[in-house]
Amino acid sequence: MSLLDDLDRGLLDLVFPRDCMVTQQPMDDQAGLYLSDSGARQLERIHDPRCHTCGHPFDGVLEGDRTCPHCLDLKPAFGRAVCAFRARGHIRQIIHEIKSTRCPFLADDLVAVAAEDPLFRRHLAGAHLIPVPLHHTKLSERSYNQAERIARSLCMHIPGCTWSHALIKIKPTPSQTLLNRTERRRNVAKAFAPNPSARISPNIRYVVIDDVLTTGATLHACATALRKAGAVHVDAATLAHG
Ligand SMILES: [Zn+2]
């Protein structure tokens with residue numbers, strides 16, 4: 001953790017007393033900064049059965065094909081995405097806080113809880129993580145890319161993970177929030193490219209990292225750019241799905 005991060009944390013502590021984001025109870029001496037153990041137990045994890053491509057959870061028991069109709073239509077360029085939580089309730093609120101208040105410590109807390117899931121850990125172990133990049137104009141506005149923070153934090157919790165800025169965003173794109181699936185895919189098509197300083201290897205397993213998987217359009221665009229640059233093994237992971 002950098003000195004700047006420590007300063008940020010000190011300032012946040014002054015402005016916001018450290019209560020758990022979920023229970024609203026004081027954090028006391030717990031390991032997390034903004035997410036207590038009892039709060040973490042209230043988060044809605046994704047369990048099997050789930051789509052084997054995008055991680056979308058299926059309710060009930062599933063037999064036979066485990067690819068959701070959306071993935072059959074999209075045919076994502078990533079092999080498999082694993083997501084730790086459903087993006088609703090407390091998780092939606094936490095993700096919103098991570099983005100809107102640029103709170104890196106909350107991202108760290110959520111990563112720590114996500115990394116307790118055995119499937120999530122296995123999916124990421126030993127992989128080279130590539131956070132979904134922001135366009136440089138957006139990055140200078142926000143000075144914070146939550147996907148990068150998540151990737152960095154994952155590397156601290158999961159053995160053998162490394163990360164880099166192997167992708168850059170070469171085209172600014174409007175927010176995906178109000179777009180449908182087709183529009184989202186068109187919006188981010190060709191928006192990403194390999195970083196000129198990166199060496200993409202066919203022997204490395206890459207995992208594209210983002211905070212939320214909604215339609216998979218952004219992760220698909222990133223995976224497409226990596227494959228065009230020579231990557232063979234490309235997967236994805238996000239903290240939440242929905
Ligand atoms: Zn799917």
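Anyway, here's the lowdown on the structure attached to this text. (Residues numbered from 1 in each chain as written. Predicted model: local features only at pLDDT ≥ 70, side-chain atom pairs only at ≥ 80, totals over all residues.)

1. A look at the pairing of strand 6 (residues 205-213)
For strand 6, the tally of buried residues reaches seven of nine residues, placing the bulk of the element in the interior. As defined by bridge partners, strand 2 (residues 128-131) adjoins strand 6 across four bridges and the pair is classed as parallel. Each bridged residue has a counterpart across the sheet, and for Pro 131 the counterpart in strand 6 is Ile 209. Note that strand 6 and strand 7 (residues 233-241) share eight bridges and pair parallel. Residue pairing in the sheet places Tyr 206 in a bridge with Val 234 of strand 7. (Buried ≥ 20, exposed ≤ 12 C-beta atoms within 10 Å, placed from the backbone. Helix = DSSP H or I, 4+ residues; strand = E, 2+ residues; numbered from the N terminus. Pairing = 2+ DSSP bridges.)

2. Regarding the packing of helix 5 (residues 104-114) against helix 8 (residues 146-157)
Running from N to C, helix 5 and helix 8 point in directions that differ by 45 degrees, and their axes come no closer than 9 Å. Classified by the angle their axes make, helix 5 and helix 8 are oblique. The hand of the helix 5/helix 8 crossing is right-handed. Across the interface between the two elements, Pro 104, Ala 107, Asp 108, Val 111 and Ala 112 from helix 5 touch Gln 146, Arg 149, Ile 150, Ser 153, Leu 154 and His 157 from helix 8. For the contact of helix 5 with helix 8, the per-class residue count stands at six nonpolar, three polar and two charged. (Axes fitted to C-alpha atoms, helices over the stretch in contact; angles between N-to-C directions. Parallel < 35°, antiparallel > 145°, perpendicular 65-115°, else oblique. Left-handed = near helix turned anticlockwise from the far one by under 90°. Contact = placed C-beta atoms within 7 Å. Nonpolar A, V, L, I, M, F, W, Y, C, P; charged D, E, K, R; others polar.)

3. Section: the sheet that holds strand 2
Ordered in space as 1-7-6-2-3, the five strands form an open sheet in which the pairing is parallel. With partners counted over all chains shown, the strands left at the sheet margins are strand 1 (81-86) and strand 3 (162-163), one partner each. Contacts between helix 8 and the sheet are confined to strand 2, strand 3, strand 6 and strand 7, with strand 6 contributing the most and set at about 125 degrees to the helix.

4. What about helix 10 (residues 217-228)?
Taking 1.5 Å of rise per residue, the 12 residues of helix 10 would be expected to cover 16 Å, and the 16 Å separating its terminal C-alpha atoms lies within 8% of that figure. Counting buried positions along helix 10 gives nine out of 12 residues, so the element sits mostly inside the fold. Listed in full, the buried residues belonging to helix 10 are Ala 217, Thr 218, Leu 219, His 220, Ala 221, Cys 222, Ala 223, Ala 225 and Leu 226. Gly 230 lies just past helix 10 and shows a positive phi near 115 degrees. (Expected span 1.5 Å × (residues − 1).)

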